[in-house]
Amino acid sequence: MSILVFIEHAEGAVKKSSLEAVSYAAAMEGDVTAIAIGSIAEDALKSAGKAGASKVLHVTDEKLEKGIIQAYANVISQAMEKIGANILVLAKSSLGDPVAARVSAKLDAGFVSNIVDLPDTSSGFQVKRSIYTGKAFANVNITTEKKILGIKKNAVELKEDGADASVEKFAANLSDADFNVKITSQDKATGEVLLPEAEIVVSGGRGMKGPENWGMIEELAKTLGAATGCSKPVSDMGWRPHHEHVGQTGVKVSPQLYVAVGISGAIQHLAGVNSSKNILVINKDAEAPFFSAADYGIVGDAFEVVPKLTAALKAAQN
Ligand code: FAD
């Protein structure tokens, strides 16, 4: 069984969520080929071998640098045909989902996203996906011959014991029709760690009183190597950029640790964070709803607790 895995990269490295997708494919015991689009060093791509890919197809067409999704979908569809793959695996992400949807339409392939476990092939091809923002699971049978599986971040154990993969250039046949979307400008998200990918997130809410107090959130985040996030009202009021807004209507995160400072824990905020492995809540109100979703809680004034916590972490690191 031949499986293609679309791997994303950032800052010169394959994203961890994509290596998880490769690990997932390897656990299905197929012949795993990965495909990467855009400029990244060959050595970095070889790392996909550790997660279980035998080969990486590298697409370096400059026209794809801007990330036109329909062109990506065409490249991936052609790569599937080339290697005779009936299964495409990718990380569930803001790029993976729209790419998968287009490949699905092109190849008439059943697409299920947010998958948390290996398929059950005892009768048919059944996958388990997380639904209702992590509150329940659905078992879905994919009945089409070609299948696309979007893997939820942090749901799969990362395989790291494979050998380096070989890297081969791959050029797809693309026409002007693949580039009929024009990107007029692109903004890079601020912050050292990107929010959707972050292993640790430090978020601030209205309890932080104003943008002038965000220095302590950023300092704690920097000390932990974390990304910064915020509640919706905070971004609505312009205290923080919109791409930091976490929740039902914002970014959904699933880090190892989510630190919520001065956030009440409204259901719409929790919808974006309840896949986190651990949640630490800092709030001065012991009755704040967030405490019932927390693994750890500190009842106290953020303006006292956060600087003390940052200082203690710094001392522990020295
Ligand atoms: P507040 O509710 O005002 O809470 C502030 C908290 O800070 C309180 O718990 C208070 O005790 C604490 N606090 C105050 N001072 C201190 C201090 N000195 N030290 C420590 N703690 C302190 N919200 C989201 O976040 N994300 C979403 O995606 C989202 N989507 C929504 C979609 C819809 C359709 C609707 C209707 C609402 C949505 N909301 C969303 C808004 C949501 O309902 C809440 O209003 C919002 O999350 C509250 O933000 P907050 O916790 O920062 O503010």
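This structure is a prediction, so every number in the text was calculated from the model and none was measured.

The rules we used
- Residues numbered from 1 in each chain as written.
- Predicted model: local features only at pLDDT ≥ 70, side-chain atom pairs only at ≥ 80, totals over all residues.
- Heavy atoms only, no water.
- Helix = DSSP H or I, 4+ residues; strand = E, 2+ residues; numbered from the N terminus.
- Rg over C-alpha atoms; globule rule 2.2 N^0.38 Å.
- Buried < 20%, exposed > 50% of the residue type's maximum accessible area, 1.4 Å probe, protein only.
- Contact = heavy atoms within 4.5 Å.
- Areas by Shrake-Rupley, 256 points an atom, 1.4 Å probe, with all protein chains shown as cover.
- Pairing = 2+ DSSP bridges.
- Domains from an automatic or database assignment.
- Buried area = accessible area lost by both parts, 1.4 Å probe.
- Salt bridge = Lys/Arg side-chain N within 4 Å of Asp/Glu carboxyl O.
- Polar contact = N/O pair within 3.5 Å; in protein donor to acceptor, adjacent residues only side chain to side chain.
- Nonpolar A, V, L, I, M, F, W, Y, C, P; charged D, E, K, R; others polar.
- UniProt positions renumbered as here; feature names shortened; annotations may be inferred.
- Near = heavy atom within 4 Å.

Undergrad: Could you give me a rundown of the overall build of the protein, with the residues and numbers involved?
TA: Secondary structure summary: the protein contains eight helices and 16 strands in total. Computed over C-alpha atoms, the radius of gyration of the protein comes to 21 Å, within 12% of the 20 Å expected from 2.2 N^0.38 for 318 residues, which places it in the range of a compact globule. A principal-axis box enclosing the C-alpha atoms of the protein has dimensions of 60 × 45 × 40 Å. Counting only residues that meet the buried cut, the protein has 48% of its 318 residues in that class. Relative to all contacts within the protein whose residues are 6 or more apart in sequence, the contacts with residues 24 or more apart total 64%. Of the accessible surface of the protein, which amounts to about 15,100 Å², a share of 50% is contributed by carbon and sulfur atoms.

Undergrad: Any details on the pairing of strand β14 (residues 257-261)? Residues and values, ideally.
TA: Within β14, four of the five residues are buried, which leaves the element mostly enclosed by the surrounding structure. Sheet topology places strand β12 (residues 200-204) next to β14; five bridges connect them, and they run parallel. Directly across from Gly204, in β14, lies its bridge partner Val261. Pairing geometry for β14 and strand β15 (residues 278-283), over five bridges, is parallel. Bridge assignment links Tyr258 to a residue of β15, and that residue is Ile279.

Undergrad: Kindly report on the domain arrangement of the protein, identifying the contributing residues and their values.
TA: Under the domain assignment, the protein is made up of domain 1 (2-179) and domain 2 (195-317). The gap between the C-alpha centroids of domain 1 and domain 2 is 31 Å. Each partner contributes residues to the interface: domain 1 has nine residues there, and domain 2 has 12 residues. The junction of domain 1 with domain 2 conceals about 850 Å² of combined surface from both sides, 32% of it contributed by carbon and sulfur atoms. Where Glu199 meets Lys153, a salt bridge forms, and the shortest distance between an N and an O atom there is 4.0 Å. The tally of links between domain 1 and domain 2 comes to seven residue pairs in polar contact (both at pLDDT 80 or more). Residue classes in the side of domain 1 that touches domain 2 are distributed as no nonpolar, four polar and five charged.

Undergrad: Quick one: what's the story with the UniProt feature "domain: Electron transfer flavoprotein alpha/beta-subunit N-terminal" (unreviewed entry) in the protein, residue by residue and with numbers?
TA: In the numbering used here, UniProt assigns the feature "domain: Electron transfer flavoprotein alpha/beta-subunit N-terminal" (unreviewed entry) to residues 3-183. Overall, residues 3-183 shows 24% helix and 29% strand. The separation of its end C-alpha atoms is 31 Å.

Undergrad: Give a description of the UniProt feature "binding site: FAD" (unreviewed entry) in the protein that names residues and reports values.
TA: Mapped onto the present numbering, the UniProt feature "binding site: FAD" (unreviewed entry) falls on Arg206, Gly262, Ile263, Ser264, Gly265, Ala266, Ile267, Gln268, His269 and Asn283. Turning to its location among the elements, His269 is positioned in helix α7 (residues 267-270). The residues touching His269, leaving out its near neighbours within four places in the chain, are Cys230, Ser231, Val246, Gly247, Tyr258, Ile263 and Phe290. Topologically, Asn283 is positioned in strand β15. Contacts of Asn283, omitting those with residues within four sequence positions, involve Gly262, Ile263, Ser264, Ala288, Phe291, Ile298, Val299 and Gly300. Within the structure, Asn283 has its side chain in polar contact with the backbone oxygen of Ile263 (distance 3.2 Å).

Undergrad: Help me get a handle on the site of the ligand, residues and values and all.
TA: Taken together, 26 residues form the shell around the ligand, and within it Ser231, Thr249, Ser264, Gln268 and Asn283 come nearest. One of the side-chain N or O atoms of His269 is found 2.8 Å from an oxygen atom in the ligand. Compared with its free state, where it exposes 990 Å², the ligand has 75% of that area covered by protein. Of all the elements in the fold, those that place two or more residues in the shell around the ligand are α6 (232-236), α7 and α8 (302-317).

Undergrad: Can you break down the environment of Ser235 residue by residue, with the values?
TA: In this fold, Ser235 is placed in helix α6. Through-space distance from the C-alpha of Ser235 to that of Thr144 is 42 Å; in sequence the pair is 91 residues apart. Residues in contact with Ser235, not counting those within four places in the same chain, are Cys230, Arg240, Pro241, His242 and His245. Within the structure, Ser235 has its side chain in polar contact with the side chain of His242 (distance 3.4 Å).

Undergrad: Quick one: what's the story with the pattern of salt bridges, residue by residue and with numbers?
TA: Within this structure, the stated rule accounts for 13 salt bridges. Residue Lys16 pairs with Glu199 through a salt bridge whose shortest N-O separation is 3.4 Å. In this pair, Lys16 is assigned in helix α1 (residues 16-27) and Glu199 in the loop between β11 (166-169) and β12, connecting sequence segments 183 residues apart. Between Asp164 and Lys50 there is a salt bridge; the shortest N-O distance is 2.9 Å. With Asp164 in the loop between β10 (147-151) and β11 and Lys50 in the loop between α2 (42-46) and β5 (55-59), this residue pair connects regions lying 114 residues apart in the sequence. Residue Asp164 is classed as partly exposed on the basis of its relative accessible area, which comes to 49%. Judged by its relative accessible area of 35%, Lys50 is partly exposed. Where salt bridges share partners, they join Lys16, Glu20, Lys153 and Glu199 into one cluster.

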